[in-house]
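Here's the letter readout for the chains.
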Amino acid sequence: MIKYITLLLLLGIVSCNHQKSNKENDYSIETILIESNHIESCYDLSPKVKQQFQAIPLETNNECIITEISQMLLHDNDIFISDRKSQRIYHFDTSGKFLNFIGNLGNGPDEYSDLGAMEIIGNELYLYDKGRYHICVYGFDGEFRRKINDEVYYHSESMLYLNNNLYSITNNILSDIGPFNLIKRNLTTDAVEGHCKFEKEKSYSHQYWNLKRYFSKNTNYALFLYSNNDIIYLINNDTILPKYNITFSERKVPNSEIKKGSANALYFAQENNYILGVNSINETDSLLFMSYSDRRLYDVVYDKYRKDCSVYNWLVFSHLGNLLVTNYYTNDNKLIMAQDAYMFRDAWERQYSQNNFNSKENKNIMNKLYEVLSDDDNPVVFIFNFK
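From a predicted model like this one, the values you see are computed outputs, not experimental measurements.

Caption draft 1: Just the nonpolar core, in detail. One finds Ile34, Phe215, Phe224, Ile232, Ile246 and Met290 to be the most contacted residues of the largest nonpolar core, which totals 43 residues. For this core, the element with the highest residue contribution is strand S19 (residues 231-236), accounting for five residues. Not counting the four nearest positions on each side in its chain, Phe224 is found in contact with Ile169, Leu182, Cys196, Tyr214, Phe215, Ile231, Ile232, Tyr233, Ile235, Ile240 and Ile281. If you look at the next biggest cluster of nonpolar residues, it comprises 32 residues, including Leu45, Leu287, Leu373 and Val380.

Caption draft 2: Inspection of the pairing of strand S11 (residues 134-139) at higher detail. Taking burial as the measure, the six residues of S11 include six buried ones, the bulk of the element. Taking every second residue as pointing to the same face, both faces of S11 are buried, with His134, Cys136 and Tyr138 on one and Ile135, Val137 and Gly139 on the other. Relative to S11, strand S10 (residues 124-129) runs antiparallel, the two sharing six bridges. Directly across from Tyr126, in S11, lies its bridge partner Val137. Connecting S10 to the next strand, S11, in antiparallel fashion are four residues, including Tyr133 with a positive phi near 60°. Relative to strand S12 (residues 144-147), S11 is paired through three bridges, and the arrangement is antiparallel. Each bridged residue has a counterpart across the sheet, and for Cys136 the counterpart in S12 is Lys147. Here S11 folds back onto S12, and the loop between the two strands holds four residues, one of which, Gly142, carries a positive phi near 95°.

Caption draft 3: Quick peek at the packing of helix H5 (residues 341-350) against helix H6 (residues 360-372). For the pair H5 and H6, interaxial distance at closest approach is 10 Å and the crossing angle is 125°. Judged by the angle between their axes, H5 and H6 are oblique. The two elements H5 and H6 cross, and the hand of that crossing is left-handed. Between H5 and H6, the contacting residues are Phe344, Arg345, Trp348 and Glu349 on the first element and Lys363, Met366, Asn367, Leu369 and Tyr370 on the second.

Caption draft 4: Focus on the packing of aromatic side chains. One pass over the structure, following the stated rule, counts 25 aromatic pairs. Pairing Phe289 with Phe386 gives two aromatic rings, centres 6.3 Å apart and planes at 40°, and the pair type is tilted. You can see Phe289 sitting in strand S22 (residues 287-293) and its partner Phe386 sitting in strand S28 (residues 380-386), a full 97 residues away along the chain. In this structure Phe289 comes out as buried when scored by relative accessible area, which is 1%.

Caption draft 5: Focus on the side chain of Ser82. By secondary structure assignment, the location of Ser82 is in strand S6 (residues 78-83). Polar contacts involving the side chain of Ser82 include one to the side chain of Ser70, which spans 2.7 Å. Setting aside its immediate chain neighbours within four residues, Ser82 contacts Glu68, Ile69, Ser70, Gln71, Arg88, Ile89, Leu115 and Met118.

Caption draft 6: Representation of the pattern of salt bridges within the structure. Under the criterion given, the structure shown has 14 salt bridges. Of the charged contacts, one joins Lys307 and Glu30 as a salt bridge, the two residues approaching to 2.9 Å between their closest N and O atoms. Here the residue Lys307 occupies a position in the loop between strand S23 (297-303) and strand S24 (308-317), and Glu30 occupies one in strand S2 (residues 30-34), the gap between them amounting to 277 residues. A residue is classified by how much of its surface remains accessible, and Glu30, at 8% relative accessible area, is buried. A salt bridge links Glu257 to Lys260; the nearest nitrogen and oxygen atoms lie 3.4 Å apart. Of the residues examined, Glu257 reaches a relative accessible area of 14% and is grouped as buried. Taking relative accessible area as the criterion, Lys260 reaches 53% and is therefore assigned exposed. What emerges from the salt-bridge pattern is a single network uniting Glu124, Arg145 and Arg146.

Caption draft 7: Looking closely at unusual backbone geometry. Phi is positive for Arg295, close to 70°, though the residue is something other than glycine. Within the secondary structure, Arg295 sits in the loop between S22 and S23. You will see that Asp332, though not glycine, has its phi angle at about 50°, which is positive. Its place among the elements puts Asp332 in the loop between strand S26 (328-331) and strand S27 (334-339).

Caption draft 8: View of the sheet that holds strand S14 (residues 165-169). Judged by pairing direction, the sheet is antiparallel, and its four strands sit side by side in the order S13-S14-S15-S16 without closing on themselves. Each edge of the open sheet carries a strand with a single partner, namely strand S13 (158-162) and strand S16 (192-197). Adjacent strand axes in the sheet meet at a mean angle of 20°, parallel and antiparallel pairs treated alike. Bridge count between S13 and S14: five bridges; the pairing is antiparallel. Bridging from a neighbouring strand, Ser158 pairs with Ile169 of S14.

Caption draft 9: Focus on the environment of Ser46. Structurally, Ser46 is set in the loop between strand S3 (39-44) and strand S4 (49-57). Accessibility expressed as a relative area gives 6% for Ser46, which makes it buried. Linking Ser46 and Phe317, residues 271 residues apart in sequence, is a C-alpha distance of 5.0 Å. Excluding residues that lie within four positions of it along the chain, Ser46 makes contacts with Gln51, Val316, Phe317, Ser318 and His319.

Caption draft 10: Just the sheet that holds S6, in detail. If you trace the four strands from one edge of the open sheet to the other, you get S5-S6-S7-S8, paired in antiparallel fashion. The strands lining the two open edges of the sheet, one partner per strand, are strand S5 (69-75) and strand S8 (98-101). Averaged over all pairs of adjacent strands, the angle between their axes in this sheet comes to 20°, without regard to strand direction. Sheet topology places S5 next to S6; six bridges connect them, and they run antiparallel. Each residue of the ladder has a partner; that of Leu73, found in S6, is Phe80.

Rules of the game
- Residues numbered from 1 in each chain as written.
- Predicted model: local features only at pLDDT ≥ 70, side-chain atom pairs only at ≥ 80, totals over all residues.
- Heavy atoms only, no water.
- Core = buried A, V, L, I, M, F, W, Y, C linked by side-chain atoms within 4.5 Å.
- Buried < 20%, exposed > 50% of the residue type's maximum accessible area, 1.4 Å probe, protein only.
- Helix = DSSP H or I, 4+ residues; strand = E, 2+ residues; numbered from the N terminus.
- Contact = heavy atoms within 4.5 Å.
- Pairing = 2+ DSSP bridges.
- Axes fitted to C-alpha atoms, helices over the stretch in contact; angles between N-to-C directions.
- Parallel < 35°, antiparallel > 145°, perpendicular 65-115°, else oblique.
- Left-handed = near helix turned anticlockwise from the far one by under 90°.
- Phe/Tyr/Trp six-rings, centres within 6.5 Å; stacked < 30°, edge-to-face > 60°.
- Polar contact = N/O pair within 3.5 Å; in protein donor to acceptor, adjacent residues only side chain to side chain.
- Salt bridge = Lys/Arg side-chain N within 4 Å of Asp/Glu carboxyl O.

Dropping the structure here:
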């Protein structure tokens, strides 16, 4: 059941915004109640997407072997995948052909020392170097272009580009401009602003509370969340306002435990089978996807029109033999996901091939995919467009 929270709570939360909107008094936040004691089996995405889709087996060769995806970005006809273990960024086209690496690992002026968050702006890739605390800019050809001014230090756990601004989540790590969880950098003026202030003394004890996905962009606006917080915020026309207040029906880690620090809260959750909170967001025109961990990962789907929220074990595409949704994100009303080759092949043999498809053509596409893949190949990327 969805309720609107009171104006008193609204005014307290809106203080996150460093520059308040004149329309703030007319703005309301939706409270989303996640019924963590009522879990359904599967949510079928097939009725929500267009029937045409792309299935892209990524090329595998001796120099291009993906081991652990940390981030994936789709930009027009280009796919970029950062690999946590190899510390490389792989660049493919949408036929799956491997084109080149982006940048190189190292300590040289044109290199990055520790692979961090990445974002696409125009025909360039912005990469945060976690080892040297600055942003490197590379062309799609992999060549270094420039370094973003690092006179103002701030951490960037995740990045998002919107309306000529580059937003970064600091994850409770102090910056030169103060204790802010969101940093906004104007790429024309290079002006830097801080939003969503946190208590300075809590920086060290809360900075290791990592989430799976902090931002979700949909055309000309975006949503974001950060750790140790139950609010999802909206970025729209350079205005930052709270959008959703997330609550759980039961077993949410008490605030008294959260205040002791991320390590304590995680230990309490694991020992007592409690929930830390939402750890990822993805959005389309009509749906908000979230996830949370409760000894395993659960998917939450909120219908923005029906004001209905439900929890599921899995997200699937029934028209493709109940294809399981894995390692996905949404952007501009698309869903982009990667599925490991060995996982796809195993699921095809045990499940997909025996389930119903909406057409013989789609089943043939998936069967051909199974036949061309080996267990050691790179992942398959699927792209779906929402209606």
